[in-house]
Amino acid sequence: MVFTSKLLFRIKSYELGKHLKRQFIDRLRIYVKSGSGGKGLPRLGGIGGDGGNIIIQGKNNINLKNVYSNNLRKRYIAGNGESSKKIKPYGSNGQDVLINVPCGITAETDSGIVIGEINNQDEKLVLAKGGKGGSPLNDYQAQLGQAFSVNLDLKLIADIGLIGFPNAGKSTFLSLVSRARPKIANYPFTTLQPQLGAIEYDDKRTITLADLPGLIEGAHYNRGMGHKFLKHISRTKINVFIVDINGFQLNPKFEARNAFENVVFLNKELEMYDSSLIHKPSILVLNKMDTENALEKYDHFMQEFENYESKI
């Protein structure tokens, strides 16, 4: 059972990109092209400038919607290095392109090769390195830049992830412990995109919470956009399972399950997606204890839970 007590700390929150009408973006494909090196000048020992790099940099207060809005064409092209000339033997380097991205980004190619990750404020990662200018090291032959597509895959970085089946009360919980204002209604799938809330204590410590859209059975097979949402759980420090004490039934075609069965199924979905997730510290919240016959259902839940533990 969970009881609401007086909160003795100041609370603030934010929502991801609420000023934009487009749906939540957690994956963005961009085209990058680094600059080619400038030509060398062998007879004078002239050295061409290096081509510019394509670099991403982590920022805390932006999201992939901002990245998309800042460049709708999603094409990033760095400058070429300057060729060596008689009047200027040493060519200038090409202009780098710096792209600000949210923390929690993994950059990978279309073939699935991971280039690297951005997890911290101001952390940088070179996506495409510029070609070297012509010099004695390469027989004055300038190198071409790199050109390919990159997928920026976002996994939310939050201290706590709220996990549960649809209509379990995750959004209500988030709205009560923070000032986030997710959509709340008495029907499944009101949360269609992850929501973030933050609790800030008087000593300036902050805890972030991520309300993830409700899972359905088979999410690990990518049913109901399962992989799109399950991936965000991998970076949370603690998982909070919010379970309706009355059980859950997606629709008449699906079998109704009681609260204990839902706990088992939720853990199974996480294990099937990534077995390491079930070893993460977790808290179980039995919700809607103010509904009719909730205490009787709670007693039945605890009986099943204790019997299950004795069999492990």
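In short, a report on the structure. Predicted model, so just to flag it, every value in this text is computed and none were measured. (Residues numbered from 1 in each chain as written. Predicted model: local features only at pLDDT ≥ 70, side-chain atom pairs only at ≥ 80, totals over all residues. Heavy atoms only, no water.)

Okay, the nonpolar core next. I30, I54, I56, I99, L127 and L152 are the most contacted members of the largest nonpolar core, which totals 46 residues. The leading source of residues in this core is helix α4 (residues 259-273), at five residues. Once residues within four sequence positions are removed from consideration, I99 is found in contact with I30, I54, I55, I56, Q57, V67 and Y76. One finds I160, V177, I199 and V240 within the second-largest nonpolar core, a separate group that totals ten residues. (Core = buried A, V, L, I, M, F, W, Y, C linked by side-chain atoms within 4.5 Å. Buried < 20%, exposed > 50% of the residue type's maximum accessible area, 1.4 Å probe, protein only. Helix = DSSP H or I, 4+ residues; strand = E, 2+ residues; numbered from the N terminus. Contact = heavy atoms within 4.5 Å.)

Despite not being glycine, D122 shows a phi value in the positive range, around 70°. Backbone geometry at K288 places phi at a positive 65°, although glycine is not the residue there. Checked against the element boundaries, K288 lands in the loop between β14 (282-287) and α5 (294-311).

With that out of the way, let us pick up the pairing of strand β13 (residues 238-244). Counted residue by residue, β13 has six buried out of seven residues, so it is predominantly covered. In this sheet, β13 lies alongside strand β10 (residues 160-163) in parallel orientation, the contact comprising four bridges. Pairing of G161 across the sheet is with N239, part of β13. Pairing of β13 with β14 involves six bridges; the strand directions are parallel. From the neighbouring strand, V240 faces β14, where its bridge partner is I283. (Pairing = 2+ DSSP bridges.)

On to the pairing of strand β7 (residues 114-118). Within a regular strand, the side chains alternate between the two sheet faces. Bridge analysis of strand β6 (residues 105-109) against β7 gives four bridges, and the strand direction is antiparallel. Bridge pairing in β7 places A107 opposite G116.

Below, the discussion takes up the sheet that holds strand β8 (residues 124-128). Strand order in the open sheet made by the three strands is β5-β3-β8, with mixed pairing throughout. The sheet is open, and its two edges are formed by β5 (97-102) and β8, each paired on a single side. Across the sheet, the mean angle from the axis of one strand to that of its neighbour is 30°, orientation sign disregarded. Two strands pair when backbone bridges link them, and strand β3 (residues 54-59) and β5 are joined in this way by six bridges, in the parallel orientation. Along β5, the bridge assignment pairs Q57 with N100. (Axes fitted to C-alpha atoms, helices over the stretch in contact; angles between N-to-C directions.)

Another point: the sheet that holds strand β4 (residues 75-77). The five strands are arranged β4-β2-β9-β6-β7 in an open sheet whose pairing can be described as mixed. In this open sheet, the two edge strands, each paired with only one partner strand, are β4 and β7. Each neighbouring strand pair of the sheet contributes to a mean axis angle of 25°, computed without reference to strand direction. Judged from the five bridges that link them, β6 and strand β9 (residues 147-154) form a sheet pairing that is antiparallel. Looking at the pairing, T106 lines up with D153 of β9.

A complete count under the given rule lists ten salt bridges for this structure. Put simply, D50 and K132 hold a salt bridge, and the shortest N to O gap is 3.1 Å. Taken together, the residues span a long stretch of sequence, with D50 in the loop between β2 (27-33) and β3 and K132 in the loop between β8 and β9 at a distance of 82 residues. According to the relative accessible area criterion, D50 is partly exposed, its value standing at 22%. Between D244 and K288 there is a salt bridge, with its nearest N and O atoms 3.3 Å apart. (Salt bridge = Lys/Arg side-chain N within 4 Å of Asp/Glu carboxyl O.)

Shape descriptors only; they carry no functional weight alone.
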